[in-house]
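Report on the structure
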Amino acid sequence: MSSNKKVNLNSVADLRQNTDDNLPAALEGLGYEESFKLVDTKIALGLSTVAIAGGLFAIDKKYDFKESYWITVAALAVYFVISLVMLVVNNQNKNVKYIGYSSKGKKITIAAWTTKYDPIYHVKVTFNDDPKSTTTAELPFAKFFDLTGYFSRNAFSKLLSSHIEKIEKKDI
Amino acid sequence: MNIRQQLTQFLSLAYVFTSAFVIWKSLGIITNSHSPIVVVLSGSMEPAFQRGDILFLWNRDQEAKVGDIVVYEIQGRNIPIVHRVLREHHNSDKQLLLTKGDNNAVDDLGLYAKKQKYLNQKTDLVGSVKAYLPKLGYVTILITENVYFKYGMLGLMCISTLLTNE
């Protein structure tokens, strides 16, 4: 989904958010197909913690403290285990914004982040989960946002593809 | 629309409520008290506690001592009362307490349920006071007692969530 929204050029967070939103479209243009496995896992884990908390709330309303003591202990234990798993998953996939596969089945993982005051989009690209293939690039927002604050997909795709192709060549 | 994006957004909003609730329940389990943090609502313990003080409770003590400040609830009335232990009687499996507010002229016999002469340490206590923060709880008193303040706060929260992007 590419959003054609005007972005506040003075907000690094807004710029990053908007670029993140445009990553899938840009990579689709480069011939990659997005894989939602990680996102779906995260959402499923998140929903189950919310469901547990909701269930706890219902129990809390219906039964008094002593009646529901042990079921509350059990529910909290499950909640914290799931939260721990989420923490580990999030930590291992820090800043990961996109996972996709090329038509040949090559996996690409893209992590992206910004620092607080520099208008630079830091991109980390990994192929096939191989840490040796990891490269980082620093793409200044000024190169793919126009003066009024609109995202230019062409410029961004070009920057990104030139970076990815560079690695692919090095790989061979 | 992108359903995954919407779900992620919904989750980040839901976490705000669920995490607060889960922390509250965890505290309750750790302290063995259905209400581990209470706000003083009356002046009956002045000068020790004023209206609006926040009290932190612990309910895993085997016995209460004379002089301890305990929070108890009378069956059928869901108002926690913070008073000091005046007298206690115990044997190996049971402890009975009589309480009194420092600022009250008489002990709590009149506050207890009909025909109830003592509090049972095991069943009637919400916890004994282990720590307190002065005055900070006044916000909750304002929210429960002042309608304008309540809706004003709600309005402010709504506006702030609308205006922040992340």
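Residues numbered from 1 in each chain as written. Chains lettered and ligands numbered in written order. Predicted model: local features only at pLDDT ≥ 70, side-chain atom pairs only at ≥ 80, totals over all residues. Heavy atoms only, no water.

Residues and elements named next belong to chain A. Judged by pairing direction, the sheet is antiparallel, and its five strands sit side by side in the order S1-S2-S3-S4-S5 without closing on themselves. Looking along the sheet, the strands with just one partner apiece sit at the ends: strand S1 (32–34) and strand S5 (135–140). Strand-to-strand, the axes of this sheet are offset by a mean angle of 30 degrees, without reference to chain direction. Bridge count for strand S3 (residues 107–113) against strand S4 (residues 120–127) is six bridges, and the pairing is antiparallel. Residue pairing in the sheet places alanine 112 in a bridge with valine 123 of S4. The sheet contacts of helix H1 (residues 12–29) involve S1, strand S2 (96–102), S3 and S4, and relative to S2 the element is tilted by about 0 degrees. (Pairing = 2+ DSSP bridges. Helix = DSSP H or I, 4+ residues; strand = E, 2+ residues; numbered from the N terminus. Axes fitted to C-alpha atoms, helices over the stretch in contact; angles between N-to-C directions. Contact = heavy atoms within 4.5 Å.)

All names here are of chain B. Within this numbering scheme, the UniProt entry marks Ser44, His83 and Asp108 as carrying the feature "active site". For this annotated set, covering 65 residues, all C-alpha atoms fall within 11.0 Å of each other, a compact arrangement in space. For serine 44, the position within the fold is in the loop between strand S1 (37–39) and strand S2 (54–58). Contact partners of serine 44, with chain neighbours within four places excluded, come to Val82, His83, Gly101, Asp102, Asn103 and Asn104. Judged by its relative accessible area of 1%, aspartate 108 is buried. In this structure aspartate 108 touches Tyr72, His83, Thr99, Lys100 and Gly101, once residues within four positions along its chain are discounted. (UniProt positions renumbered as here; feature names shortened; annotations may be inferred. Buried < 20%, exposed > 50% of the residue type's maximum accessible area, 1.4 Å probe, protein only.)

Below, the discussion takes up the pattern of salt bridges. Residues and elements named next belong to chain B. Across all of its chains, the model carries eight salt bridges over all chains by this definition. A salt bridge links lysine 130 to aspartate 61; the nearest nitrogen and oxygen atoms lie 3.1 Å apart. Remark: aspartate 61 occurs in the loop between S2 and strand S3 (69–72) and lysine 130 occurs in strand S7 (residues 125–133); sequence separation between them is 69 residues. Of the residues examined, lysine 130 reaches a relative accessible area of 53% and is grouped as exposed. (Salt bridge = Lys/Arg side-chain N within 4 Å of Asp/Glu carboxyl O.)

A word on the nonpolar core. Residue and element names in this part refer to chain A. Membership of the largest hydrophobic core comes to 25 residues, with the highest contact counts inside it found for Leu27, Ile108, Tyr121 and Phe156. Broken down by element, the residue count for this core peaks at five residues, all from H1. Setting aside anything within four residues of it in sequence, one finds phenylalanine 156 in contact with Thr19, Leu23, Ala26, Tyr121, Leu139, Phe144 and Phe151. Core analysis: the second largest hydrophobic core is formed by 14 residues, Leu56, Tyr69, Ala75 and Ile82 among them. (Core = buried A, V, L, I, M, F, W, Y, C linked by side-chain atoms within 4.5 Å.)

Residue and element names in this part refer to chain A. A rise of 1.5 Å per residue sets the reference length of H1, with its 18 residues, at 26 Å; its end C-alpha atoms lie 25 Å apart and thus fit the reference within 8%. Largest kink in H1: about 35 degrees, centred on leucine 23, with the proline proline 24 one to four residues after it. Counting buried positions over the 18 residues of H1 gives 13, a clear majority of the element. (Expected span 1.5 Å × (residues − 1). Bend = angle between axes of the 7 residues up to and from the residue.)

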